[in-house]
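Given next are the chains, with one letter for each unit.
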Amino acid sequence: MMVGMAEDKRESRTTVTVSPAATVQPAPAPVRPKSLSQQLLPAVHGILARPLSSYYLLIASSGLLLLIGLTMVFSATSVQAYAANGNAFSAVRSQLIFAVLGLVGFWMCQRLPAGTLRFLGVYVLGVAVVLLGVLDLLGGLGSLGVLAVDPGDGSVSLGPLTGDLLWLYIGPVGLQPAEFVKFGVVLWGADIIARKGAALGYWRELSMPLFPAVGLLFVMVGYNDLGTMLVVLSLIIGLLWAAGVRLRVFGALGVLGLAGIGLLIAAASRGAGSGATGQPNYRLLRITMWLDTPKDCALDLCYQILQARSAIYEGGWFGVGLGKGALKWNWLPAADNDFIYAVVAEELGVVGCMVIAVLFAVLAYTGFRIARRVEDPWRRLAATAITTWLVAQAIINMGGVIGLIPLTGVPLPLISAGGSALTVTMAALGILASCARAEPDAARALHARPPSRWVRLVWAPLPPLPPPRRPGPSRPSAQRPGNRAPRGR
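Residues numbered from 1 in each chain as written. Predicted model: local features only at pLDDT ≥ 70, side-chain atom pairs only at ≥ 80, totals over all residues. Heavy atoms only, no water.

As annotated in an unreviewed UniProt entry, the protein carries the name Probable peptidoglycan glycosyltransferase FtsW and is attributed to Winogradskya humida. Note on the protein: under the UniProt heading Pathway (unreviewed entry), the record states "Cell wall biogenesis; peptidoglycan biosynthesis." Database annotation for the protein, UniProt heading Subcellular location (unreviewed entry): "Membrane". (UniProt positions renumbered as here; feature names shortened; annotations may be inferred.)

Right, here's the structure in full:
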């Protein structure tokens, strides 16, 4: 009887049939393909993945460029300096002094917080505009005959002020106001665009006060220096591109920019820059001679191009040797400034030129990497603007020397001789270094293992710690890949 009851219970149990689809294991997550750097250069990828890699890349590339620049300035000026005053180090000594001042500017801008830099932007730009206005006023009064023009160098003096085309001398101190304009536009422009935010999609937000101020700066800078105006234009384009402005705005800027460049080229026939009334338009001649360079000419513009090409030809692949170039002995105009890249080509060859080009490429990669990684909007805009400024100026200089674009007469950043340009450039690199230390991973790493107190006091303080990472929204298990319920047939 008990056996029968057990059999009845056994028969009354429910038989469950398991579908084969329910026993299938979830599919593994797809493996992401490795990038090219992970496949070919795993060591480089590992170095770049470190938190402070952007900062060290910036310091290394800019430091090497500065060292090469001091070496080449000494090589380009030692012979003429020794012939002039018996001291071969007189010219490079001034460059070393400005390099030290640039290091001080780098140190200060690296230490200042972003809020202080944003606050100082309008004042830096205001001082630069005043200095530029004084320089243009002296030039205008000289052109009108109100002030006497020195027949030797074309300078115009009024009391302790002396204007010499791009240079303004206040007593014995000389500076280039256009260089400070670049720095001021970076600080002020990034602050204005960061404040507007999403409102930049409307034309009225761009029209006040950004476009009127930029248009005034284009006229004030471009009247005497068309090359620097192109650099400022590149800087503004970098700012707007980083802000995500619509493409039609860039189209309108391109049309207005080309029209303004055409007017400034025509203004050279009326005395703009180094032009003179009744003389050939030197800005137009630069374009025509770039398109069709004559083999023999007596014009200085054509002479510069031919001598630069001769330097490149003499240098070959490996150059004639450091310090052994001959064209810098008063054969190549502005050998220590605008045409120092030709001296590099003659003495160090194509290899030396490629080293400088690669270092600028590393600087460009590092700057845009910092702009992509940093979270603060102002830092992102400032990093993009500074990188665009330095890279555009380097391309304009090197392209003009080797003949890819017309000559414009801008110095090569960190390489050419020049006090104002070197000091301002290194100060801008200090802002870029501050942005690199403010990257989220870099800031967390510095706070996790802070450097010693004397390093923080002497070199740079700790950057602000970014907010903690928020966990992403968790999806229901039924919506996760591999856990989907089988569809019914």
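Caption draft 1: Inspection of the overall build of the protein at higher detail. Along the backbone of the protein there are 18 helices and four strands. Relative to its full complement of 489 residues, the protein shows a buried share of 41%. The long-range fraction of contacts in the protein, counting pairs at least 24 apart against all pairs at least 6 apart in sequence, stands at 67%. Taken as a whole, the protein presents about 26800 Å² of accessible surface, with 66% of it coming from carbon and sulfur. (Helix = DSSP H or I, 4+ residues; strand = E, 2+ residues; numbered from the N terminus. Buried < 20%, exposed > 50% of the residue type's maximum accessible area, 1.4 Å probe, protein only. Contact = heavy atoms within 4.5 Å. Areas by Shrake-Rupley, 256 points an atom, 1.4 Å probe, with all protein chains shown as cover.)

Caption draft 2: Structural detail: the pattern of salt bridges. Counting across every chain of the model gives five salt bridges. Residue Arg-195 pairs with Asp-191 through a salt bridge whose shortest N-O separation is 3.0 Å. Separated by four residues within a single helix, Arg-195 and Asp-191 lie in helix H7 (residues 177-196), roughly one turn from each other. The exposure class of Arg-195 is exposed, given its relative accessible area of 62%. For Asp-191, a relative accessible area of 8% gives the class buried. Within the structure, one salt-bridge network assembled from shared partners comprises Arg-118, Asp-191 and Arg-195. (Salt bridge = Lys/Arg side-chain N within 4 Å of Asp/Glu carboxyl O.)

Caption draft 3: Spotlight on the packing of aromatic side chains. As enumerated under the stated definition, the model contains five aromatic pairs in all. Judged by centre distance (5.9 Å) and plane angle (65°), the ring pair of Tyr-55 and Tyr-56 falls under edge-to-face. With 5.4 Å between their ring centres and 55° between their planes, Phe-119 and Tyr-123 make a pair best called tilted. One end of the pair is Phe-119 and the other is Tyr-123, both in helix H6 (residues 114-144) and four residues apart, which spans about a single turn. The exposure class of Phe-119 is exposed, given its relative accessible area of 52%. Directly above the aromatic system of Tyr-55 lies the positively charged group of Arg-437, at a separation of 5.6 Å from the ring centroid. (Phe/Tyr/Trp six-rings, centres within 6.5 Å; stacked < 30°, edge-to-face > 60°. Lys NZ or Arg CZ within 6 Å of the ring centre and 35° of its normal.)

Caption draft 4: Quick look at the packing of helix H5 (residues 90-111) against helix H16 (residues 419-437). For the pair H5 and H16, interaxial distance at closest approach is 7 Å and the crossing angle is 30°. In terms of orientation, H5 lies roughly parallel with respect to H16. With respect to the hand of their crossing, H5 and H16 are arranged in right-handed fashion. In this structure, H5 contributes Gln-95, Phe-98, Ala-99, Leu-101, Gly-102, Leu-103, Gly-105, Phe-106, Cys-109 and Gln-110 to the contact, and H16 contributes Gly-419, Leu-422, Thr-423, Met-426, Ala-427, Leu-429, Gly-430, Ile-431, Ala-433, Ser-434 and Arg-437. Residues of the contact of H5 with H16, tallied by class, amount to 12 nonpolar, eight polar and one charged. (Axes fitted to C-alpha atoms, helices over the stretch in contact; angles between N-to-C directions. Parallel < 35°, antiparallel > 145°, perpendicular 65-115°, else oblique. Left-handed = near helix turned anticlockwise from the far one by under 90°. Nonpolar A, V, L, I, M, F, W, Y, C, P; charged D, E, K, R; others polar.)

Caption draft 5: Structural context of the side chain of Arg-379. You can see Arg-379 is positioned in helix H15 (residues 377-402). In this structure Arg-379 is buried but unpaired, with Asp-376 as the nearest side chain of opposite charge at 4.2 Å. Within the local environment of Arg-379, its side chain forms a polar contact with the side chain of Ser-434, the two groups lying 3.1 Å apart. Residue contacts for Arg-379: discarding those within four places in its chain leaves Ala-114, Val-374, Ser-434, Cys-435 and Ala-438. (Lys, Arg positive; Asp, Glu negative; His and termini not counted. Polar contact = N/O pair within 3.5 Å; in protein donor to acceptor, adjacent residues only side chain to side chain.)

Caption draft 6: Structural detail: the environment of Val-232. Tracing the backbone through its elements, the reader meets Val-232 in helix H10 (residues 226-243). Exposure remark for Val-232: the relative accessible area of 2% places this residue in the buried category. Separated by 54 residues in the primary sequence, Val-232 and Ala-178 have C-alpha atoms spaced 9.3 Å apart. Residues contacting Val-232, with those up to four places away along its chain left out, are Lys-182 and Phe-218.

Caption draft 7: Structural context of the environment of Gly-349. Inspection of the secondary structure puts Gly-349 in helix H14 (residues 340-373). Overall, Gly-349 belongs to the buried group, its relative accessible area being 1%. Non-local contacts of Gly-349, meaning those with residues more than four positions away in its chain, are made with Gly-315, Gly-316, Trp-317, Phe-318, Gly-319 and Val-344.

Caption draft 8: Spatial organisation of the nonpolar core. Membership of the largest hydrophobic core comes to 103 residues, with the highest contact counts inside it found for Leu-240 and Ile-431. Excluding residues within four positions of it along the chain, Leu-240 makes contact with Ile-193, Leu-206, Leu-210, Phe-211, Val-245, Phe-250 and Leu-253. Formed by seven residues, the second largest nonpolar core is a distinct cluster that contains Leu-131, Leu-135, Leu-168 and Leu-175. (Core = buried A, V, L, I, M, F, W, Y, C linked by side-chain atoms within 4.5 Å.)

Caption draft 9: Representation of the sheet that holds strand S1 (residues 156-158) within the structure. The sheet built from four strands is open, its strands ordered S1-S2-S3-S4 with antiparallel pairing. Edge positions in the sheet fall to S1 and strand S4 (173-175), since each has one partner strand and no second. When strand polarity is set aside, the average angle formed by the axes of neighbouring strands in this sheet is 20°. In this structure, strand S2 (residues 161-164) lies alongside strand S3 (residues 167-170), joined through four bridges in antiparallel fashion. Counterpart to Gly-163 in the pairing with S3 is Leu-168. (Pairing = 2+ DSSP bridges.)

Caption draft 10: Fine view of helix H9 (residues 210-222). Between its terminal C-alpha atoms H9 stretches 18 Å, which fits the 18 Å expected from 13 residues at 1.5 Å a residue. Among the residues of H9, those classed as buried are Leu-210, Val-214, Leu-217, Phe-218, Met-220, Val-221 and Gly-222. (Expected span 1.5 Å × (residues − 1).)

Caption draft 11: Looking closely at the packing of H15 against H16. Relative orientation of the contacting elements H15 and H16 amounts to 140°, with a least axis distance of 10 Å. One way to sum up the angle between H15 and H16 is to call them oblique. Crossing of H15 against H16: the hand is left-handed. Contact with H15, carried on its side by Trp-378, Arg-379, Ala-383, Ile-386, Thr-387, Trp-389 and Leu-390, involves Val-424, Thr-425, Ala-428, Leu-429, Ile-431, Leu-432, Ser-434 and Cys-435 of H16 and no other residues of that element. The residue makeup of the contact of H15 with H16, split by class, is 11 nonpolar, three polar and one charged.

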